[in-house]
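# Secondary and tertiary structure notes
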Amino acid sequence: GDSVTQMEGPVTLSEEAFLTINCTYTATGYPSLFWYVQYPGEGLQLLLKATKADDKGSNKGFEATYRKETTSFHLEKGSVQVSDSAVYFCALSMEYGNKLVFGAGTILRVKS
Amino acid sequence: DTAVSQTPKYLVTQMGNDKSIKCEQNLGHDTMYWYKQDSKKFLKIMFSYNNKELIINETVPNRFSPKSPDKAHLNLHINSLELGDSAVYFCASSRGTGQYFGAGTRLSVL
């Protein structure tokens, strides 16, 4: 079945460091890809998305590019802040309005 | 205004009880979902409704029964609660790509 694999955390960085969280997927077709963020005690927020190969999603300084050849959607940010500390989930969806299949989540901790 | 709202936020109950969680969205979306997040933060789809019709039921025990009185509401009723039902339950809605989530309901079964 369809699946998403994320790098294990926690990832601990100092403020202003560069962030990469790896995400790869397995799917029978061409999924839409998403990054969601969950701040402590809150629900999930859509961070960015890409719906086809070579699309780049971006939001709040975060970016991810849909790479069909490597089936990847790695999340990057050039300079993290303490307020970016959260759990980040990579996810895919195969059809319009269909379920999200999530990765296991990666905890990010940013120290000042 | 909250786009996807769930009540209650916390629910503590005894094994064997029956409980409900309510979800409402004011985004005008056609599709609503229930997800379960376990203690390791893993998220898994439970149900999906489109215009009040069930379209996804992911091998969830039949003690769990979703009900959609209209396309803005999707409630979750759980019978005979078990210890393993303890989790955070998230409601979500969508129209196109990307889903919008509620703040979650933390269910603790004692």
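Position numbers for residues count from 1 along each chain, tracking the sequence in the order it is written. Chains and ligands are labelled sequentially in the order written, the chains with letters from A and the ligands with numbers from 1. Under the rules for a predicted model, residues below a pLDDT of 70 receive no local features and side-chain atom pairs below 80 are neither given nor counted, while totals for whole chains, interfaces and linings still include all residues. Side-chain descriptors were evaluated using all non-hydrogen atoms of the structure, hydrogens and water having been removed beforehand.

### Re the overall build of chain B
Numbering of helices and strands starts at the N terminus; helices are DSSP runs of H or I of at least 4 residues and strands are runs of E of at least 2. Of the regular secondary structure elements, chain B holds 0 helices and 11 strands. Counted from the first residue to the last, chain B has its helices and strands arranged as β-β-β-β-β-β-β-β-β-β-β. To get the radius of gyration, use the C-alpha atoms; to get the globule rule, take the number of residues to the power 0.38 and multiply by 2.2 Å. Relative to the 2.2 N^0.38 estimate, which gives 13 Å for 110 residues, the radius of gyration of chain B is 13 Å and therefore close to what a compact globule would have. C-alpha extents for chain B along the principal axes are approximately 40 × 25 × 25 Å. Burial classes: relative accessible area under 20% of the type maximum marks a residue as buried, over 50% as exposed, and values in between as partly exposed (1.4 Å probe, protein chains only). When each of the 110 residues of chain B is scored for burial, the buried share is 44%. Contacts are assigned to residue pairs that have any heavy atoms within 4.5 Å of one another. Residue pairs in contact within chain B that sit at least 24 positions apart in sequence constitute 53% of those at least 6 positions apart. About 5,500 Å² of surface is accessible on chain B, with carbon and sulfur atoms providing 50% of the total. Side-chain charges of chain B comprise 13 positive and 10 negative groups, with the mean position of each set lying 4 Å from the other. Accessible surface area values rest on a Shrake-Rupley calculation with a 1.4 Å probe, where residue burial reflects the displayed protein chains alone. Positive charge is attributed to Lys and Arg, negative charge to Asp and Glu, and no charge count is given to His or to the chain ends. Think of each charge as sitting on NZ of Lys, CZ of Arg, CG of Asp or CD of Glu.

### Looking at the interface of chain B and chain A
On the side of chain A, 20 residues touch chain B, which itself brings 22 residues to the contact. A 1.4 Å probe defines the accessible area here, and the buried area is the portion of it lost by two parts on being joined, summed over both. Area buried by chain B at its contact with chain A is led by L43, T97 and F101 of chain B, which between them contribute 29% of it. Salt bridges are identified by distance alone: a Lys or Arg side-chain nitrogen within 4 Å of an Asp or Glu carboxyl oxygen. Where chain B touches chain A, the interface holds 1 salt bridge. For K99 of chain A, the salt bridge is made with E58 of chain B, and the minimal N-O distance between the two is 3.0 Å. Side-chain atoms alone can form a polar contact between residues adjacent in sequence; in general such a contact is a pair of N or O atoms within 3.5 Å, and within protein one must be able to donate a hydrogen while the other accepts it. Linking chain B with chain A are 4 residue pairs in polar contact (both at pLDDT 80 or more).

### With respect to the pairing of strand β2 (residues 10-13) of chain B
All names here are of chain B. Residues L11 and T13 point to one face of β2 and are all buried, whereas Y10 and V12, pointing to the other face, are not buried. Between any two strands, pairing holds if DSSP finds at least two bridges. Where β2 lies against strand β11 (residues 105-109), 4 bridges are found, and the strand directions are parallel. Along β11, the bridge assignment pairs L11 with L107.

### Here we look at the state of the cysteines
All names here are of chain A. A pair of sulfur atoms, both from cysteines and within 2.5 Å, is called a disulfide here. Scanning the entire structure with this criterion turns up 2 disulfides over all chains. One disulfide in the model links C23 with C90; its S-S distance is 1.9 Å. Across the S-S bond linking C23 and C90, the dihedral sits near -70°, which makes this disulfide left-handed. Residue C23 is found in strand β4 (residues 23-26), and its partner C90 is found in strand β10 (residues 86-93); the two are separated by 67 residues along the sequence.

The values are spatial; any link to function lies outside them.
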